[in-house]
Amino acid sequence: MELVGRDDQLDLLRRLLAEPRSHGSAVLVRGAPGIGKTALLAETAALAEGLGHRVLRTSGVEAESDIPYAGLQLVLRPLAAGAAELAVPHRQALDAALGHAEAGVPDVFLVGLAVLNLLADAAAAVPVLLLVDDVQWLDDATASVLAFVARRVGTEPVVIVGAAREGYRSRLNSDELTSVTLGPLTDGQAAELLADRAPDLRPTAHRRLLAEAAGNPLALTELSRTLGSSADPHMSQLPLTERLERAFTDRLETLPDITRSLLRIAALNDSSSLPETYRATRLFTGATAGPAELDPAVRARLVQVVGGELRFGHPLMRSAIHQTMPTGVRHAAHAALAAVLWEHPDRQLRHRAAAADDPDETVAAALEEAAHRAARRGGIAAAVTALEQAAALSEDADRRAERLLRAADFAVELGRPETVTRLLDQALTGPLSRRQHATVVWLRGSFDEGLHSHASGANSLTALAEEMAAEDRALALRILWSAAQLCFWSDPGPEARRTVLRAVEGLELDELDPWRLAICAYAAPVDRGTFVLERARHVALKEGDDGRAYRMLSTAALLVGGFDLARAFSAAGGAPLRAQGRLGLLARTVGADAWSALVVGDLGAAIAATEESRRLARETSQTMMYALMTATAAKLAALRGEVDAALALAEEAEELGLPAGARPVLATASTARGLAALGAGRFEEAFGRLRRLHDPADPAFQVALRLTVVGDLVDAAAHCGRLEAVLPVVTELEEIATVTSAPVLHAELRLVRALLAADEDADPLFTAALTAGLGAWPLLRARTHLAYGEWLRRRRRSVESRDHLRAARDMFDALGAIPWGERARRELRAAGETSRRRAPDARDRLTAHELQIVQLAAEGLTNREIGQRLYLSHRTVSSHLHRIFPKLGVASRAELRTVVSALR
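Now for a look at the structure at hand.

Calculation notes
- Residues numbered from 1 in each chain as written.
- Predicted model: local features only at pLDDT ≥ 70, side-chain atom pairs only at ≥ 80, totals over all residues.
- Heavy atoms only, no water.
- Helix = DSSP H or I, 4+ residues; strand = E, 2+ residues; numbered from the N terminus.
- Rg over C-alpha atoms; globule rule 2.2 N^0.38 Å.
- Buried < 20%, exposed > 50% of the residue type's maximum accessible area, 1.4 Å probe, protein only.
- Contact = heavy atoms within 4.5 Å.
- Areas by Shrake-Rupley, 256 points an atom, 1.4 Å probe, with all protein chains shown as cover.
- Phe/Tyr/Trp six-rings, centres within 6.5 Å; stacked < 30°, edge-to-face > 60°.
- Lys NZ or Arg CZ within 6 Å of the ring centre and 35° of its normal.
- Arc of directions from axis to C-beta.
- Salt bridge = Lys/Arg side-chain N within 4 Å of Asp/Glu carboxyl O.
- Expected span 1.5 Å × (residues − 1).
- Axes fitted to C-alpha atoms, helices over the stretch in contact; angles between N-to-C directions.
- Parallel < 35°, antiparallel > 145°, perpendicular 65-115°, else oblique.
- Nonpolar A, V, L, I, M, F, W, Y, C, P; charged D, E, K, R; others polar.
- Pairing = 2+ DSSP bridges.
- Polar contact = N/O pair within 3.5 Å; in protein donor to acceptor, adjacent residues only side chain to side chain.

**Some points on the overall build of the protein chain**
Okay, step 1: In terms of regular secondary structure, the protein chain is built from 46 helices and seven strands.
Okay, step 2: Since a compact globule built from 904 residues should have a radius of gyration of about 29 Å, the 32 Å found for the protein chain is in line with a globular shape.
Okay, step 3: The dimensions of the protein chain, computed from C-alpha atoms along their principal axes, are 105 × 65 × 55 Å.
Okay, step 4: In the protein chain, which comprises 904 residues, the proportion classed as buried is 57%.
Okay, step 5: Nonlocal contacts in the protein chain, meaning residues at least 24 apart in sequence, comprise 69% of its contacts between residues at least 6 apart.
Okay, step 6: When the accessible surface of the protein chain is summed, it comes to about 35700 Å², and 51% of that surface belongs to carbon and sulfur atoms.

Okay, here's the thing in structure tokens:
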């Protein structure tokens, strides 16, 4: 179709193609069927070829939307030679995904990184344009890979332009894509196109067609061919898409019977192969079917023949044929296709299933096996579809339920709550066993940490787990894990927590079992804090652990206040999770490291880890985890003195967390607001914000996280004359300290006792706090020096105060806690000593993402290794370092190591 009236969109695409070679972009063109999306892509390809770009193409096909990586095959075919240069894990993941090798499940993100590197390497020779038509019908695995790549081409000479029909959900709806909407042609443009396409139309017909087509170029072309041929007086009242389908159907009726049969087979075929279509049509009709019989459709411009492939002129033609085919005819056509696809067993099976009139356990069992094969290749969406089809064809009610529940479990992995709900509702229409009922309840709570789905919360889940314990201990454990997580994200109360504890201890798991330790930590971080800390230090995981156990142990250690242990588990778990591409779990593992690093004061590591965890949580659709890491970023910004950023991030986190009642999000956001106020000297406000974490009636109350902010609360209270108001909180926490050995709580309380002590008792308490082994707690050590120096100066012991204030200043400067360093300087001036200004360091000059790259480069990792760690192409890493070196005033990696070492 000729492109008319799209000058603005072409200008945008022309500018993107002409950008410098170090800059890439991704564009998604949206519009109604027939509006000109494909024509715009074709014109973009011509522009790119004129500029010397390499053009790669793929498109979604509705019949192939359940075949994992079907769309990716077309992209990669021209790049096959470059696959040999990929890192071994990436090459293996790609081979497994494309069915070239038998291997474990390749995570879609690992495949995405392989594709990103292939594109980046190709673009190093000439810029690359990747065109993706009919995005709405891409198979889920391909769409996920392309979305992953689209988020990362900003520094590569790669432009991605996709086209999608309005009203369809797609994983390429990412915020990182520029959205372009194609609207209808203007009246003048439409009249010009119609005059060119149908110059002999009478004026009345011309006006009628312009009105009916509503500026749609395809409608102007196709409806002009059938104008007056339809006997349906209500035709003009139908939606435009349906009128176009009717127009195609009318044209189909003018063709010979054998040609119509060829097109029916082609419309149902999940391949564009002409030989397959010819063979199946011969079987379907018992007549000769070949090029001569197809020719009438070619001459009518309904289809095109390109080599050995048959292509419809527009996807609406295929859907029109689908919708007008009688059920019996459709089943017979599928059966004919199944009969000729003996070389393609999975495709053959899909057609056998589509041809079935009644339940057929043989086909159902084959579909179930195909689902597991698809899952092994990473085709989780295909597995869901195959299992749902298998359920529909099941002869046995129990097998039907099992297949629907397995499909729902897979749909959880895809992050599709609406699909999970639909599948579970289907399962509930038949008889279910106790275990199956329990699985339904558990799966319903798989999103948003169960905050929305489990109305009765942890109690009902625990009761369910206890019912299942004897029948299916593995399921019982998973249900208990969900209950324990609800104890973290919400507050079910002390009795519910004790119920979870009794249930997990009743399972008689080994005391070093990661599941047991994690459930105990989540459900009762105080009552079982010492138990978890002591056992976790002796856990010896089996060699080859996939990282999941380390992830559970890292958050467990965090919740019981063992931040050094949490960081060690996070580091151990991160490596296998990165290697496998399991970015959902990695987001949580890195998040535990970020939170822990922030509490102890390793702000350089916290900046990098927080940014990565937040980005991964968003990319893997973990809304509450993203909210928690956004609140963590707010807390980090507050400690750095970036008040506006801190408040904006806290607000974003609260908007996500408040409707769900996500207490860790609200607690962390309130802490961030309190620290921002404390750093700015607004002590009354800081007291109010931090006091919220200790009020059980406040949604920001969280039993574990409150233990980390008692020192800041008392600091704020001391400066605004509210010490009496904080005494009940401190008394309660002193009692808690007799129950748990949480290092963070005991370290905070040592400082608090000194702040609250009478003058004659404070000196030895400050000394005790500073000599209590704070080497692993640099931020708390700096706060203790500051508090002691302030106390000494206010008692006219200025000379003694200077040593402590000087130590506090230097430590805060080294940590990057800028407001507290300035506070120490002010106190020093009041004590009679001037201070140099803090010199900016890498944390001030670099973005969080750049800082992460710098830290890895300083550790000696190559660009390719950094790319593998951060899921970037090695060329993107090189581009970042090229910009970073001048910012830091260094010329080599050796100098970079010196800069980074100064941050530790």
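Still more to cover.
**Observations concerning the packing of aromatic side chains**
Okay, step 1: Counted according to the given criterion, the structure contains 11 aromatic pairs.
Okay, step 2: Between the aromatic rings of phenylalanine 563 and tryptophan 777, the centroid separation amounts to 6.0 Å while the plane-to-plane angle is 85°, which identifies the pairing as edge-to-face. Separated by 214 residues along the polypeptide, phenylalanine 563 in helix 28 (residues 563-580) and tryptophan 777 in the loop between helix 38 (759-770) and helix 39 (778-794) bring together distant segments of the chain.
Okay, step 3: Their ring planes at 10° and their centres at 4.7 Å tell us that phenylalanine 766 and tyrosine 788 sit as a pair that is stacked. In this pair, phenylalanine 766 is assigned in helix 38 and tyrosine 788 in helix 39, connecting sequence segments 22 residues apart. Each of the two residues, phenylalanine 766 as well as tyrosine 788, counts as buried.
Okay, step 4: Among the aromatic side chains, those forming a connected cluster through ring pairs are Trp481, Phe488, Trp489, Trp515 and Tyr522.
Okay, step 5: The residue whose ring lies beneath arginine 152 is phenylalanine 148, and the NZ or CZ to ring-centre distance is 3.8 Å.
Okay, step 6: Over the ring of tryptophan 595 we find lysine 635; its NZ or CZ atom is 4.2 Å from the centre of that ring.

**Overview of helix 20 (residues 417-427)**
Okay, step 1: Among all positions of helix 20, only Thr419, Val420, Leu423, Leu424 and Ala427 are buried. The buried residues of helix 20 occupy one face: seen down the axis, they fall within an arc of 130°.
Okay, step 2: Buried residues belonging to helix 20 abut helix 18 (380-392), helix 19 (397-414) and helix 21 (434-444).

**Comments concerning the environment of arginine 403**
Okay, step 1: Positionally, arginine 403 belongs in helix 19.
Okay, step 2: Taking relative accessible area as the criterion, arginine 403 reaches 3% and is therefore assigned buried.
Okay, step 3: When the C-alpha positions of arginine 403 and leucine 414 are compared, they lie 17 Å apart, and in sequence the two are 11 residues distant.
Okay, step 4: Residue contacts for arginine 403: discarding those within four places in its chain leaves Glu361, Ala364, Ala365, Glu368, Leu387, Ala390, Ala391 and Ser394.

**Let's talk about the pattern of salt bridges**
Okay, step 1: Overall, the coordinates contain 57 salt bridges when judged by the stated rule.
Okay, step 2: Among the salt bridges present, the one from arginine 260 reaches aspartate 257, with a minimum N-O distance of 2.4 Å. Of the two residues, arginine 260 and aspartate 257 both sit in helix 11 (residues 257-268), three residues apart, roughly one turn of that helix.
Okay, step 3: Residue classification places arginine 260 among the buried residues on the basis of a relative accessible area of 15%.
Okay, step 4: Its salt-bridge partner being arginine 406, residue aspartate 409 comes within 3.6 Å of it at the nearest N-O pair. Remark: arginine 406 and aspartate 409 occur in helix 19; sequence separation between them is three residues, near one turn of the helix.
Okay, step 5: You can call arginine 406 partly exposed: its relative accessible area is 31%.
Okay, step 6: Overlapping salt bridges bring together Asp270, Glu276, Arg347 and Arg350 as one network.

**Brief notes about helix 5 (residues 108-123)**
Okay, step 1: Its 16 residues give helix 5 an end-to-end C-alpha distance of 22 Å, which sits within 8% of 22 Å, the value for a rise of 1.5 Å per residue.
Okay, step 2: Along helix 5, 15 of the 16 residues are buried, which leaves the element largely enclosed by surrounding structure.

**Remarks on the packing of helix 44 (residues 863-870) against helix 45 (residues 874-888)**
Pairs of packed helices are described in terms of their axes, by the angle between the two and the distance that separates them.
Okay, step 1: Running from N to C, helix 44 and helix 45 point in directions that differ by 110°, and their axes come no closer than 8 Å. Comparing the axis directions of helix 44 and helix 45 gives the class roughly perpendicular. Across the interface between the two elements, Asn863, Arg864, Ile866 and Gly867 from helix 44 touch His874, Val877, Ser878 and Leu881 from helix 45.
Okay, step 2: Split by residue class, the contact of helix 44 with helix 45 holds three nonpolar, four polar and one charged.

**With respect to the pairing of strand 6 (residues 303-306)**
Okay, step 1: Where strand 6 lies against strand 7 (residues 309-312), four bridges are found, and the strand directions are antiparallel. In the sheet register, valine 306 faces strand 7, and the bridge partner there is glutamate 309.
Okay, step 2: If you look at the hairpin formed by strand 6 and strand 7, you'll find two residues sitting between the two strands, and glycine 307 has a positive phi there, around 65°.

**Regarding the side chain of aspartate 270**
Okay, step 1: Among the secondary structure elements, aspartate 270 is positioned in the loop between helix 11 and helix 12 (274-285).
Okay, step 2: Take aspartate 270: its relative accessible area is 5%, and that puts it in the buried class.
Okay, step 3: In terms of polar contacts, aspartate 270 uses its side chain to reach the side chain of histidine 351, at 3.5 Å.
Okay, step 4: Residue contacts for aspartate 270: discarding those within four places in its chain leaves Ala63, Glu64, Ile67, Arg347, Arg350 and His351.

**Section: unusual backbone geometry**
Excluding glycine, residues mostly carry a negative phi; peptide bonds, for their part, are mostly trans.
Okay, step 1: Positive phi, normally seen in glycine, also occurs at serine 621, with a value near 60°.
Okay, step 2: Inspection of the secondary structure assignment puts serine 621 in the loop between helix 30 (603-619) and helix 31 (623-640).
Okay, step 3: Backbone geometry places tyrosine 871, a non-glycine residue, at a positive phi of 60°.
Okay, step 4: Secondary-structure assignment places tyrosine 871 in the loop between helix 44 and helix 45.
Okay, step 5: Given the relative accessible area of 1%, tyrosine 871 is considered buried.

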